[in-house]
Amino acid sequence: MTPILAFAALVLASATSAFPFGFPDCVNGPLSNNTVCDTTADPLDRATALISLFTTEEKLNNTGSVSPGVPRLGLPPYQWWQEALHGVALSPGVNFSTSGNYSYATSFPQPILLGAAFDDALVNSVATIISIEARAFNNDGRAGLDFWTPNINPFKDPRWGRGQETPGEDPFHLSSYVRALIDGLQGGYAPKYKRIVATCKHWAGYDMETWNGNFRYQWDAPISTQDLVEYYAPPFQTCARDSNVGAFMCSYNAVNGRPTCADPYLLQTILREHWGWTNEQQWVTSDCDSIQNIYLPHEYAATRPQAVADALNAGTDVNCGTYYQTHLPAALEQGLINITTLDRALIRQYSSLIRLGYFDPPDVQPYRALNFGDVNTPQAQQLAYQAAVEGITLLKNDGTLPLSITPETSIAMIGDWANATTQMQGNYHGIAPYLRSPLWAAQQLNVTVNYAAGDSSPGNPTTNNNLHVFAAVNKSDIIIFASGIDNSVEAEDRDRHSIAWTGNQLDLIGELAAYGKPMIVLQMGGGQLDSSPIANNPNVSALLWGGYPGQDGGLAIMDILTGKKAPAGRLPQTQYPADYNAQVPMTNMSLRPGLNNPGRTYKWYTGKPIFDFGYGLHYTNFSASINPLEATTFNISSLVAGCKERYMDRCPFRSLSVNVTNTGETTTSDYSALGFLTGSFGPRPYPKKSLVAYQRLFDISPGATATAMLNLTLGSLSRVDEMGNRILYPGDYAMMIDTQPLAMLNFTLVGEPAMLDKWPQPPPRVPQNNTGNYFVGGFDGTEQSVVYS
Ligand SMILES: O=[N+]([O-])c1ccc(O[C@@H]2O[C@@H](CO)[C@H](O)[C@H]2O)cc1
């Protein structure tokens, strides 16, 4: 079985046979007199007291994602694997009922679209609802308390099949987003009771599924220290250091020769020591069977016991799968691990459950009262709709939008996305209460709708079996063509081979455009497509990117098209020309331009993007001005002297106040003020620009002005040197508002460079050993040889 089929089987199993979640009985059970049941004791002491009762065998048994608990102690089994990427999701630990209560949960847009909203408060609200619903599921024994979300590997390569799961390509944006998200999921920075435990994954350097003979399970990513610190690590730093996330997941791939789940440099030196993630109530899980992959296909460990020992000793506390349970006994026998390290892993796991109130009576911990009445509430529904509206991004408009419609208007709804249902959720989804397609939403309008899916599905050869489409278009005034990509071409284990629209799609678009009627193209899906043929076709009136918009996505789209809502989303990723694929292999991890690499992301790409990161049109126009600072020159030594933070990059520099005026005459609109820094400072080459702050402003009416506060820190001004040190450099700085700058502010830093963060140097690169024997296991302890083509 391939891993993905295995996952489907696991999910199916979870839907048919519920995992037996329960709570320990601290009132009458065998543990009632143990410190673990003392709600006033320190969580670490409580967990230590619990573990001290385990036999060695019981300890070894409780190291997998399915932990049997300890029946003789009244400690119930626990399933660590729950997903909740954009709503409580189908996964081994989540049990949706087949009808009635708990048969659905709110389905928000995929993170790539939520990211496009550039609205951290929205992210926080979405995460709050997801965790409330997760708690309700837990209270009914339908889920555990920890969830393996978010996925915050930066979406560096447009082909990546899982880029849809992330908020985009920019490390500052990801960091800001993830801080808001974790706060919402966990219920604050350090609440007495966490609402749920979130898991930042996949640390580190994971952004390729399968490309040109490389697979995520075997891939050894060569990452320079500079790129690691500047690009791959920042969102994870935010999780560990600034958000106090409860869990981390290491990844399948290796980094510089070391499989990440066996790498003490990544898991101990950086994560726990450098980022201070040390309160021991937090744990690291492996990815699913990534510990097996340390043995094969990485061939990093010579034996299976050595692989599990490498992982446990490095700091991987939970094993998704059964490899620990199967092979740790031999590792212990062979002296490759000791009991103290095993205890450390278990104490981390159980103290985390203690922080969730798992051992506490219902009247003590506040979340036990949540129930199905708290799932998909009217507020949650409204938020799912609002999130889709905020993210949807307008890329072209010749003035046709917003559409003016009357009862006499007829609209042709064409394309494989027009009647989308589960397609609108992308991957890692749950069961939505409803899925409102664009077609459904059009049918709610007082107009005539002529629907024909057409043969535009991605990947199909040109067939021209579209006579029914032309019939629908013939009798319509307006054409809406909804297509793009979906999980058939971008998904887990599936990177894209092409970032162009298919010939079939472009043929149909061309034929429809030739009618000369108002025509709107909806570019759907997570990764960007080269939409230049659409942008350049004068007969296509408008182009809108809709991502995976979730349960109310169709309504959000139609409300924007008809002007009930004004678009203000911004692309969270660069839209590259189609030939970008041929210019850089997915395996090239460098951000800066070089041999076989035109540069990656808007910061370094030397070509001309079709649409830039941050691009997005409105139904109105805006002007902006930045209020001047008190000076134009700042002395580095005084900036640093005033900084009292433990982590100096967090010290405030200045808050820029940016006045944004809606200069249009008719449309009230949101506007996301994106603040980019550019200039000449620090090591060459200089990035073209870097996002350092953003704020979404709401409902600015024509003629009105709203003010954004863009908070800059010393970190915002810093650059990273080749050793990974974060340094404040003298030089000329310019702050720009928006992608085509509406306002600019120049200032200068003078003095000697100042070290803000000295990065621990990595151990030397380990040459990879792997011989190409790809063994990937299921979750039953078996190992199969998987032949990849
Ligand atoms: O069933 N399987 O064999 C299987 C294998 C891999 C898999 O994906 C992994 O599981 C997810 C756990 O959160 C990670 O985000 C993803 O990388 C999910 C399932």
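About the cut-offs
Residues numbered from 1 in each chain as written. Predicted model: local features only at pLDDT ≥ 70, side-chain atom pairs only at ≥ 80, totals over all residues. Heavy atoms only, no water. Helix = DSSP H or I, 4+ residues; strand = E, 2+ residues; numbered from the N terminus. Buried < 20%, exposed > 50% of the residue type's maximum accessible area, 1.4 Å probe, protein only. Contact = heavy atoms within 4.5 Å. Areas by Shrake-Rupley, 256 points an atom, 1.4 Å probe, with all protein chains shown as cover. Lys, Arg positive; Asp, Glu negative; His and termini not counted. Charge placed at Lys NZ, Arg CZ, Asp CG, Glu CD. Disulfide = S-S within 2.5 Å. Phe/Tyr/Trp six-rings, centres within 6.5 Å; stacked < 30°, edge-to-face > 60°. UniProt positions renumbered as here; feature names shortened; annotations may be inferred. Pairing = 2+ DSSP bridges. Axes fitted to C-alpha atoms, helices over the stretch in contact; angles between N-to-C directions. Left-handed = near helix turned anticlockwise from the far one by under 90°. Nonpolar A, V, L, I, M, F, W, Y, C, P; charged D, E, K, R; others polar. Salt bridge = Lys/Arg side-chain N within 4 Å of Asp/Glu carboxyl O. Core = buried A, V, L, I, M, F, W, Y, C linked by side-chain atoms within 4.5 Å. Arc of directions from axis to C-beta. Polar contact = N/O pair within 3.5 Å; in protein donor to acceptor, adjacent residues only side chain to side chain. Expected span 1.5 Å × (residues − 1). Parallel < 35°, antiparallel > 145°, perpendicular 65-115°, else oblique.

1. A look at the overall build of the protein
Scanning the protein from terminus to terminus reveals 23 helices and 30 strands. For the protein, the spread of C-alpha atoms along the three principal axes comes to 75 × 65 × 55 Å. Per-residue burial for the protein yields a buried fraction of 65% across its 789 residues. Pairs at least 24 apart in sequence give 78% of the contacts found in the protein among residues at least 6 apart. Only carbon and sulfur atoms are counted for the fraction: they give 52% of the accessible area of the protein, which is about 25,800 Å². Averaged over its 47 positive side-chain charges, the protein has a centre that lies 4 Å from the centre of its 68 negative ones.

2. Remarks on unusual backbone geometry
Residue Pro150 follows Thr149 across a cis peptide bond; omega there is 15°. The topology assignment puts Pro150 in the loop between β3 (146–147) and α6 (171–186). You will see that Asp699, though not glycine, has its phi angle at about 50°, which is positive.

3. A short note on the state of the cysteines
One pass over the structure, following the stated rule, counts five disulfides. Between the sulfur atoms of Cys26 and its disulfide partner Cys37 the distance amounts to 1.8 Å. Negative torsions about the S-S bond denote left-handed disulfides, and the value of about -75° found for Cys26 with Cys37 makes this one left-handed. With a gap of eleven residues between them, Cys26 in the loop between α1 (3–16) and α2 (43–51) and Cys37 in the loop between α1 and α2 connect regions that are remote in the sequence.

4. Some details on the packing of aromatic side chains
Scanning the entire structure with this criterion turns up 41 aromatic pairs. For the ring pair Tyr217 and Tyr252, a centre distance of 4.7 Å and an interplane angle of 75° mean the geometry is edge-to-face. Separated by 35 residues along the polypeptide, Tyr217 in the loop between β6 (214–215) and β7 (220–221) and Tyr252 in the loop between β8 (247–250) and β9 (254–255) bring together distant segments of the chain. The exposure classification of Tyr217 matches that of Tyr252, with both residues buried. The interplanar angle of 80° and the centroid separation of 5.0 Å between the aromatic rings of Tyr576 and Tyr605 together place this pair among those described as edge-to-face.

5. Some words on the UniProt feature "domain: Fibronectin type III-like" (unreviewed entry) in the protein
Under the feature "domain: Fibronectin type III-like" (unreviewed entry), the UniProt entry names residues 671–741. Across residues 671–741, helical content stands at 6% and strand content at 61%; the span's end C-alpha atoms are separated by 14 Å.

6. Here we look at the sheet that holds strand β21 (residues 669–681)
Reading across the sheet, the five strands line up as β19-β27-β26-β21-β22 and stay open at both edges, with mixed pairing between neighbours. If you trace the sheet from one side to the other, it starts and ends with β19 (633–635) and β22 (690–700), each paired once. Strand-to-strand twist in this sheet, taken as the mean axis angle between neighbours without regard to direction, amounts to 25°. Note that strand β26 (residues 731–737) and strand β27 (residues 743–750) share seven bridges and pair antiparallel.

7. With respect to the pairing of strand β20 (residues 652–662)
Direction of pairing for strand β18 (residues 622–626) relative to β20: antiparallel, over a ladder of five bridges. From the neighbouring strand, Ile626 faces β20, where its bridge partner is Val658. In this structure, β20 lies alongside strand β23 (residues 705–713), joined through eight bridges in antiparallel fashion. Looking at β23, one finds that Ser657 is bridged to Met709.

8. Details of the packing of helix α5 (residues 120–139) against helix α14 (residues 378–391)
Between α5 and α14, whose axes approach to 10 Å, the crossing angle comes to 145°. When the axes of α5 and α14 are compared, the crossing they make is left-handed. Contacts between α5 and α14 involve Leu122, Ser125, Val126, Ile129 and Glu133 from the first element and Ala380, Leu383, Gln386, Ala387 and Glu390 from the second. Considered class by class, the residues forming the contact of α5 with α14 number six nonpolar, two polar and two charged.

9. Description of the pattern of salt bridges
With the rule as written, the count across this model stands at 30 salt bridges. As a salt-bridge pair, Arg241 and Asp649 come within 2.9 Å of each other at their nearest N and O atoms. On the criterion of sequence distance, the pair formed by Arg241 in helix α8 (residues 234–242) and Asp649 in the loop between α22 (636–641) and β20 is long-range, its members being 408 residues apart. Its salt-bridge partner being Asp552, residue Arg436 comes within 3.2 Å of it at the nearest N-O pair.

10. Looking at the nonpolar core
In globular proteins that are soluble, nonpolar side chains generally tend to be buried together. In terms of nonpolar packing, the biggest core is built from 202 residues, with Trp203, Phe248 and Phe359 touching the most fellow members. Per element, the largest residue contribution to this core is nine residues, and it comes from α5. Non-local contacts of Trp203, meaning those with residues more than four positions away in its chain, are made with Ala233, Phe236, Phe248, Met249, Cys250, Ser251, Thr260, Leu266, Leu267, Ile270, Leu271 and Trp275. By size, the runner-up hydrophobic cluster in this structure holds 41 residues, among which are Leu656, Leu677, Phe681 and Leu745.

11. Notes on helix α16 (residues 467–474)
Taken together, the buried positions of α16 are occupied by Val469, Phe470, Ala472 and Val473. One side of α16 carries all its buried residues, which in axial view fall inside an arc of 160°. Those residues of α16 that are exposed and aimed more than 90 degrees away from the buried face are Leu467 and Asn474.

12. Observations concerning the sheet that holds β23
Spatially, β18-β20-β23 is the arrangement adopted by the three strands of the open sheet, whose pairing is antiparallel. Since the sheet does not close on itself, it has two edges, and those belong to β18 and β23, each with one partner. Between one strand axis and the next, the sheet turns through 25° on average, direction left out of account.

13. Some details on the pairing of β21
Among the 13 residues in β21, eleven count as buried, and that is most of the element. In terms of strand pairing, β21 meets β22 through eight bridges, oriented antiparallel. Paired with Ser672 across the two strands is Arg696, which belongs to β22. The sheet contact formed by β21 and β26 spans seven bridges and is antiparallel. Looking at β26, one finds that Ser680 is bridged to Asp732.

14. Here we look at the environment of Glu299
With respect to the helices and strands, the residue Glu299 is situated in the loop between α10 (290–295) and α11 (304–314). For Glu299, a relative accessible area of 17% puts it in the buried group. Considering only alpha carbons, one finds Glu299 and Gln218, 81 residues apart in sequence, at a separation of 8.9 Å.

15. Concerning the side chain of His327
Residue placement: His327 occurs in helix α12 (residues 323–333). Non-local contacts of His327, meaning those with residues more than four positions away in its chain, are made with Arg304, Pro305 and Val308.

16. Here we look at the side chain of Ser657
Positionally, Ser657 belongs in strand β20. Within the local environment of Ser657, its side chain forms a polar contact with the side chain of Asn627, the two groups lying 2.5 Å apart. Not counting residues within four places of it along the chain, the set of residues in contact with Ser657 comprises Ser625, Ile626, Asn627, Thr707, Ala708 and Met709.

17. Observations regarding α5
The first and last C-alpha atoms of α5 sit 28 Å apart over 20 residues, in line with the 28 Å expected at 1.5 Å per residue. Capping the start of α5 is the job of one residue whose side-chain oxygen sits 3.2 Å from the backbone nitrogen of Ala121: Asp119. Note on α5: the residue one or two positions beyond its end, Gly141, has a positive phi of about 70°.

18. Here we look at the packing of α16 against helix α17 (residues 503–513)
At a minimum axis distance of 11 Å, the contact between α16 and α17 shows a crossing angle of 30°. In terms of axis orientation, α16 runs roughly parallel to α17. Relative to α17, α16 is oriented so that their crossing is right-handed. Taking contact as the criterion, the partners of Val469, Phe470 and Val473 in α16 are, on α17, Leu508, Glu511 and Leu512. Here the residues of the contact of α16 with α17 are counted per class, giving five nonpolar, no polar and one charged.

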